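Spelled out, the chains give:
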Amino acid sequence: MARIYTLVNQKGGVGKTTTAINMGSYLGYFGQRVLLVDLDPQANATSCLGVDKRAVKSGIYEVLIGAVPFGSQVLHNPRFKLSLLPSSPALAGAEIELVEMDKRESRLSEALEPARERYDYILIDCPPSLSLLTVNGLVAAADGVIIPVQCEYLALEGLGMLTQTLHRVQSTVSPGLKVRGVVLTMYDGRTNLAMDVVQEVRHFFPEEVFQTIIPRSVRLAEAPSYGQPISIYAPDSNAAKAYMNLVSEMLRQDGITTPILE
Ligand SMILES: Nc1ncnc2c1ncn2[C@@H]1O[C@H](COP(=O)(O)OP(=O)(O)O)[C@@H](O)[C@H]1O
Ligand SMILES: [Mg+2]
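About the thresholds
- Residues numbered from 1 in each chain as written.
- Chains lettered and ligands numbered in written order.
- Predicted model: local features only at pLDDT ≥ 70, side-chain atom pairs only at ≥ 80, totals over all residues.
- Heavy atoms only, no water.
- 1 Å grid on protein atoms, 1.4 Å probe; cavity = no way out; pocket = protein on both sides within 12 Å on 5 of 7 lines; lining within 4 Å.
- Points joined across faces, edges and corners; volume = space filled by probe spheres on them.
- Helix = DSSP H or I, 4+ residues; strand = E, 2+ residues; numbered from the N terminus.
- Nonpolar A, V, L, I, M, F, W, Y, C, P; charged D, E, K, R; others polar.
- Buried < 20%, exposed > 50% of the residue type's maximum accessible area, 1.4 Å probe, protein only.
- Polar contact = N/O pair within 3.5 Å; in protein donor to acceptor, adjacent residues only side chain to side chain.
- Phe/Tyr/Trp six-rings, centres within 6.5 Å; stacked < 30°, edge-to-face > 60°.

**Quick word on empty space enclosed by the protein**
Here's step 1: In total, this model carries two cavities of 30 Å³ or more according to the counting rule given.
Here's step 2: What the largest cavity holds in volume is close to 80 Å³.
Here's step 3: The leading source of residues in the lining of the largest cavity is helix 1 (residues 16-29), at four residues.
Here's step 4: Here the lining of the largest cavity is built from residues that sort into seven nonpolar, four polar and no charged.

**Some thoughts on the side chain of Arg 180**
Here's step 1: One can find Arg 180 in strand 7 (residues 179-187).
Here's step 2: The buried category is assigned to Arg 180, whose relative accessible area is 13%.
Here's step 3: A distance of 2.9 Å separates the side chain of Arg 180 from the side chain of Tyr 5, its partner in a polar contact.
Here's step 4: Side chain to side chain, Arg 180 and Asp 254 meet in a polar contact 3.0 Å long.

**Some thoughts on the packing of aromatic side chains**
Here's step 1: On inspection of all chains with the given rule, the structure shows five aromatic pairs.
Here's step 2: Summarising the aromatic geometry, the rings of Tyr 5 and Tyr 121 are spaced 6.0 Å apart at their centres and angled 45° between planes, so their arrangement reads as tilted. Residue Tyr 5 is located in strand 1 (residues 3-7), and its partner Tyr 121 is located in strand 5 (residues 121-125); the two are separated by 116 residues in the primary sequence.
Here's step 3: Look at Tyr 26 and Tyr 29: their rings are 5.6 Å apart centre to centre, the planes differ by 75°, and that puts the pair in the edge-to-face class. Remark: Tyr 29 and Tyr 26 occur in helix 1; sequence separation between them is three residues, near one turn of the helix.
Here's step 4: For Tyr 29, a relative accessible area of 27% gives the class partly exposed.
Here's step 5: These aromatic residues form a ring-pair network of at least three members: Tyr 26, Tyr 29 and Phe 30.

Function cannot be inferred from these measures alone, as they are strictly geometric.
Here's what the structure looks like:
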């Protein structure tokens, strides 16, 4: 049965999509069957993996509104070692359509039920908002949310609001919702500020912050324009090693022993 983790932070540009893609491809690298669900109408994860969002005829939107069952929309990429449930601009309309629908907060969770047999990990990449789409992502996060936090000034700003939303979803539709982990991203070791932020975030989430910190890296910023995860674009870079370490750490915590691959 797949573990389902949702990457969430209503702040844009903190590394949700980058983490979803690279965590996904390294989970695949370590032999896990991975499905990445692009839940953002901007379809960045879809584009970053080299898929033209305008050419997506059927994707997460159709699954969410119940037009088609989960399955045929999935694009498997053996080279990237992951499968993608793509997004498309049509998803922007779902926000409004969902409001009228039955069980509007748990549609994604229900739609993904058949996928849980087929994968070991399902990662859901949320839009930068606390919208109904994100709430669907939270309710579907059967094994918790992963919160990427950028190591910069005011990093904690907004985490209070996110925590409130998590509590609200917990107390209404999803009592078991928990924080699986916090990933520190875009760390620049040359600045005192970045070190201060690491301290602050560890103080705010004493148990949840992953040891592995993702450095700021030009390679990571470049990889999307080649439509590739870092494991393919620059496997020897520090950023690639960081994502690989992050995934090893996560697998270890999940009780999965990873083969030594080299
Ligand atoms: N560690 C990093 N170092 C440098 N650039 C990064 C890093 N992580 C993400 N980026 C870049 O920062 C931008 C925002 O990242 P993204 O993952 O799209 O954030 P989000 O999904 O939270 O909006 C993207 O252009 C991405 O390529
Ligand atoms: Mg994103």
